[in-house]
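Remarks on the overall topology
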Protein chains: 2
Amino acid sequence: MDIFHPATEDLDLTSVLQALGDPMRLQIVRLLAGEGEQICGAIDLGISKSTRSHHFKALREAGVTFTRVEGTHRHVSLRRDDLDACFPGLLDAVLQTARVPA
Amino acid sequence: MDIFHPATEDLDLTSVLQALGDPMRLQIVRLLAGEGEQICGAIDLGISKSTRSHHFKALREAGVTFTRVEGTHRHVSLRRDDLDACFPGLLDAVLQTARVPA
DNA sequence: GTAACGGTTCGACGCACATCGAACCGCCCG
DNA sequence: CGGGCGGTTCGATGTGCGTCGAACCGTTAC
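Source: prediction; values computed, not measured. (Residues numbered from 1 in each chain as written. Chains lettered and ligands numbered in written order. Predicted model: local features only at pLDDT ≥ 70, side-chain atom pairs only at ≥ 80, totals over all residues. Heavy atoms only, no water.)

**Quick word on the overall build of chain A**
Helix and strand content of chain A: five helices and three strands. The buried share among the 102 residues of chain A stands at 42%. By sequence separation, contacts in chain A at least 24 residues apart represent 63% of the contacts at least 6 residues apart. With 11 positive and 14 negative side-chain charges, chain A shows a spacing of 7 Å between the two charge centroids. (Helix = DSSP H or I, 4+ residues; strand = E, 2+ residues; numbered from the N terminus. Buried < 20%, exposed > 50% of the residue type's maximum accessible area, 1.4 Å probe, protein only. Contact = heavy atoms within 4.5 Å. Lys, Arg positive; Asp, Glu negative; His and termini not counted. Charge placed at Lys NZ, Arg CZ, Asp CG, Glu CD.)

**Let's talk about the relation of the copies chain A and chain B**
Aligned on chain B, chain A shows an RMSD of 0.0 Å; the corresponding rotation is 180 degrees and the shift along the axis is 0.0 Å. Both copies are brought into coincidence by an operation consistent with a two-fold rotation axis. Counting the interface residues of chain A, we find that 100% of their copies in chain B are interface residues as well, pointing to one common contact surface. (Least-squares fit on C-alpha atoms with pLDDT ≥ 70 in both.)

**Some points on the pairing of strand β2 (residues 65-70) of chain B**
Residues and elements named next belong to chain B. Where β2 and strand β3 (residues 73-78) come together, six bridges link them in antiparallel fashion. Bridging from a neighbouring strand, Glu70 pairs with His73 of β3. Taking the residues that link successive antiparallel strands as the turn, the β2-β3 hairpin has two residues, and the phi of Gly71 there is positive, at about 65 degrees. (Pairing = 2+ DSSP bridges.)

**Some points on the interface of chain A and chain B**
The interface is formed by 19 residues belonging to chain A together with 19 residues belonging to chain B. For the pair chain A and chain B, the summed buried area comes to about 1400 Å², and 74% of that belongs to carbon and sulfur atoms. In this structure, the connection of chain A to chain B is made through zero salt bridges. In this structure, the connection of chain A to chain B is made through two residue pairs in polar contact (both at pLDDT 80 or more). Of all the elements in the fold, those that place two or more residues in the side of chain A that touches chain B are α1 (13-20), α2 (23-35) and α5 (90-98) of chain A. Among the elements that line the side of chain A that touches chain B, the one with the most residues is α5(A), at six residues. Here the side of chain A that touches chain B is composed, by residue class, of twelve nonpolar, six polar and one charged. (Buried area = accessible area lost by both parts, 1.4 Å probe. Salt bridge = Lys/Arg side-chain N within 4 Å of Asp/Glu carboxyl O. Polar contact = N/O pair within 3.5 Å; in protein donor to acceptor, adjacent residues only side chain to side chain. Nonpolar A, V, L, I, M, F, W, Y, C, P; charged D, E, K, R; others polar.)

**Here we look at helix α3 (residues 49-61) of chain A**
Residues and elements named next belong to chain A. Across its 13 residues, α3 extends 18 Å between first and last C-alpha, which sits within 8% of the 18 Å expected from 1.5 Å per residue. Where α3 is concerned, the buried positions are Arg52, His55, Phe56, Leu59 and Arg60. In an axial view of α3, the angular spread of the buried residues amounts to 135 degrees, which keeps them on one side of the axis. Along its buried surface, α3 packs onto α1, α2, β2 (65-70) and β3 (73-78). (Expected span 1.5 Å × (residues − 1). Arc of directions from axis to C-beta.)

**Here we look at the protein's contact with DNA strand C**
With respect to spatial proximity, 22 residues lie near DNA strand C, and among them A:Arg25, A:His54, A:His55, B:Ile39 and B:Ser53 are the closest. Each atom of DNA strand C within 4 Å of the protein was classed as base or backbone; sugar and phosphate made up 65%. Measuring from a base oxygen of DNA strand C, one finds a side-chain N or O atom of B:Lys49 at 2.9 Å. Within the side chain of B:Ser53, a nitrogen or oxygen atom sits 2.6 Å from a phosphate oxygen of DNA strand C. (Near = heavy atom within 4 Å.)

Put into structure tokens, the structure is as follows:
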């Protein structure tokens, strides 16, 4: 079971919104937007490894992130261009407010 | 238990995204954006009354819609201004792509 | 006053999800 | 080659959600 990424034209608004509609994942997306590509393990939010893996899978399968394998590491990045192409303005709107939390 | 609406400053991104992350509710929002204020019963998507009521409640409690009581009817409308104030561009982005579904 | 109608609430049910620990797999480094 | 590390997968568990029918409530109409 290789890492799956949905095609750009297969991105689904509902799925993306659902993926973004979780505090943990929203935080991950915010971090990826700010810091750029990250190694999976570098992102720790006080959750277990399995839960983290679960969220990354959810984001990836919704088409929000792209995962690149390099050795034992997984490099994760935002699919900014694809998201902007399918849902123009959406990511920006989410990030703009996500950047200013409380 | 009167109809509750969250204050504009209490709107939460995660909650809004979660509310929008459902096909039925997304369809309702799209309809409200296109047709303006609607009576609850005028919106039928092949779901039961109770399910419809449930979705309207979810949208309302997330701050996406405003419900106005008039006699036996409930008039529902989008909280466009409030959403734009809290999450500028978000609603537009969602509607723009939601307008072109399949 | 009584019936009909618009909506809500109440279980109930099934499903999906967030979370965890533990087991597992692949790769790298001694 | 063998151990450790980065990540995934596998149950298991609790919880929340979408859906329904049925019962209920307020208002309007007759």
